[in-house]
Amino acid sequence: MFEPFGVLASDEALYRLLLRQPPVDLAGLAAAAGRTEAETAPAIDRLTELGLVTLLPGAPVRLVATRPDAAVDQLTVRWQDQVSVARTAATALLADLPVERRHRPEDQVEILFGRGSVAARFDRLQRSVRSELLVLDRPPYAQEPAEPNRAELEILARGARVRGLYAPEALQVPGAFDIFEAVVAAGEQARVHTDVPLKLAVADASTAILPFSREAHEMVDSAFVIHEGALLDALVQLFELLWAAAVPVPGPWSGGGAEGEPATDAAADRQLVTLLAAGLKDEAVARRLGVSARTLNRRVSALMQRLGARTRFQAGLQAARDGAVDT
């Protein structure tokens, strides 16, 4: 369990034994483990340094194991600190490379094959984020998301920024609005654009990952990893251009009644404006607003007349850009 964090298997076995024990002194733990005190003491020192064991004051000193969930949190923070130190050292070491070897084209693009390799690299990219994660997202999906991305929530909890740009079709996936509301509430800045050309994730403007193909079955089986250089700069610029022309993902109801009750007209109108600007189909808009098709048509007609718009999308986009929704 703890080996990826550098904990010896024999030390973890001692920790697991201590979890099942009441506070015990070194001699008692060594006896329970079938080890000598001389063998047990160094392991306890290592576990204590890692925060996995606490020494209780008194005579003799007693040992107590840290809760597993808290232990993982402490190990994670320690690991992240070590990665940060290593990154800083690696950046400094680049100065020792000859100039012609610092930016070789073949080092700027990696190709990944295999679902496990792609998933592991994407997870590593998310966990590496320190400042900002940029995401372009569009269907098809190999598997429809059922809950918010846990790694993204961890990024937001660390104080980093996440900007997500979605195709309208992403909002039509069953349960999508519940997921969007959860991540927006956690701090994600989410917008919708009618022409999101590909899936993309960029960490700190230094590394990007994107799939080979738009086909759902191929998206998780192969991918490019793009490192710093002109190609990555172009991908970031593409994101920024799309972001500037996008509108916000509809957030949670504001001003509505209790759960299960409709929102106020003002809140519903604000949702309507954003849903239209997002380019959603009438059925999806009506379902989201909890109104009939007839009521939706009446509200849209009134909005179009008020704005002098000729199409529903134009009405939503114009209202969004005129400040009817926050951007």
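Residues numbered from 1 in each chain as written. Predicted model: local features only at pLDDT ≥ 70, side-chain atom pairs only at ≥ 80, totals over all residues. Heavy atoms only, no water.

Some remarks on the pattern of salt bridges
Here is step 1: Applying the stated criterion across every chain yields a total of eight salt bridges.
Here is step 2: Residue arginine 127 is joined to glutamate 154 by a salt bridge in which the shortest nitrogen-to-oxygen separation is 3.1 Å. Within this pair, whereas arginine 127 is found in helix H6 (residues 115-127), its partner glutamate 154 is found in helix H7 (residues 150-157), the two being separated by 27 residues in sequence.
Here is step 3: Accessibility expressed as a relative area gives 34% for arginine 127, which makes it partly exposed.
Here is step 4: On the basis of relative accessible area, glutamate 154 is assigned to the partly exposed category, the value being 31%.
Here is step 5: Of the charged contacts in the structure, one is a salt bridge between arginine 163 and glutamate 132, with a shortest N-O distance of 2.8 Å. One end of the pair, arginine 163, is in strand S6 (residues 161-166); the other, glutamate 132, is in strand S5 (residues 132-137), and 31 residues separate them in sequence.
Here is step 6: With relative accessibility at 5%, the residue arginine 163 sits in the buried group.
Here is step 7: Under the relative-accessibility criterion, glutamate 132 is labelled buried at 15%. (Salt bridge = Lys/Arg side-chain N within 4 Å of Asp/Glu carboxyl O. Helix = DSSP H or I, 4+ residues; strand = E, 2+ residues; numbered from the N terminus. Buried < 20%, exposed > 50% of the residue type's maximum accessible area, 1.4 Å probe, protein only.)

Some thoughts on the sheet that holds strand S1 (residues 24-25)
Here is step 1: Taken in spatial order, the three strands line up as S1-S3-S2 in an open sheet, and their pairing is antiparallel. In this open sheet, the two edge strands, each paired with only one partner strand, are S1 and strand S2 (53-56).
Here is step 2: Sheet analysis places S1 next to strand S3 (residues 62-65), joined by two bridges and oriented antiparallel. Bridge assignment links aspartate 25 to a residue of S3, and that residue is arginine 62. (Pairing = 2+ DSSP bridges.)

Some words on a nonpolar patch on the surface
Here is step 1: On the surface, Val109, Ile111, Phe113, Phe212 and Leu231 cluster together into a nonpolar patch covering about 460 Å² of accessible area.
Here is step 2: The residue isoleucine 111 is located in strand S4 (residues 109-113) in this model.
Here is step 3: You can call isoleucine 111 partly exposed: its relative accessible area is 48%. (Patch = residues over 30% accessible without salt bridge, like charges linked within 9 Å, V, L, I, M, F, W, Y side chains within 5 Å. Areas by Shrake-Rupley, 256 points an atom, 1.4 Å probe, with all protein chains shown as cover.)

In short, geometric facts, not functional conclusions.
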